[in-house]
Amino acid sequence: MQNVTLKVQGMSCGHCVHSVEKALERIGVSGKADLAAGTVHVRYDEAEVNLNAIREAIEEQGYDVV
Ligand SMILES: [Cu+2]
């Protein structure tokens, strides 16, 4: 399992947190967004999904992974 903390811009409320976490869930990634820190901690199986797909899932929701 890989554990990575991504810096994500644009999350401003609980709804944002929810959309990001749900989008990650859909691709089989366990994600925990921290609104105050502007980060998303992800835990994933590198045999199943790569960081690019995770980045894309977050960006599709309208947030920037920096
Ligand atoms: Cu929001």
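Because the structure is a prediction, the values reported are computed rather than measured. Note that residues are indexed from 1 along each chain, following the sequence as it is written. Per-residue local features of the predicted model are confined to residues with pLDDT of at least 70, and side-chain atom pairs are confined, for both listing and counting, to 80 or more; whole-chain, interface and lining totals are unaffected and use all residues. Side-chain numbers here rest on the full set of heavy atoms in the structure, without hydrogens or water.

Caption draft 1: Seen up close, helix H2 (residues 51–60). For the exposure calls, accessible area comes from a 1.4 Å probe over protein chains only, and a residue counts as buried if that area is under 20% of its type's maximum, exposed if over 50%, partly exposed in between. Helix and strand assignments come from DSSP, with helices taken as H or I runs of at least 4 residues and strands as E runs of at least 2, each series counted from the N terminus. If you check which residues of H2 are buried, you get Ile54, Ala57 and Ile58. Axial view of H2: buried residues confined to an arc of 95°, hence all on one face. Buried positions along H2 lie against strand E1 (2–9), helix H1 (14–26), strand E3 (39–44) and strand E4 (64–65). For H2, the N-terminal cap is asparagine 50; the gap from its side-chain oxygen to the backbone nitrogen of asparagine 52 is 3.1 Å. After H2 finishes, the residue glycine 62 shows a positive phi value of roughly 100°. Along the arc lie the directions from the helix axis toward the C-beta atoms. In this description, contact between two residues means that some pair of their heavy atoms is separated by no more than 4.5 Å. Here a polar contact means two N or O atoms within 3.5 Å. Within protein one must be a hydrogen donor candidate and the other an acceptor candidate, and residues neighboring in sequence count only if both atoms are side-chain atoms.

Caption draft 2: Up close: the environment of glutamate 21. Within the secondary structure, glutamate 21 sits in helix H1. Sequence separation between glutamate 21 and glutamate 60 is 39 residues, and the spatial gap between their C-alpha atoms is 12 Å. Sequence-distant contacts of glutamate 21, defined by excluding residues within four places in its chain, comprise Gly31, Lys32 and Ala33. Within polar-contact distance, the side chain of glutamate 21 engages the backbone nitrogen of alanine 33 at 2.8 Å.

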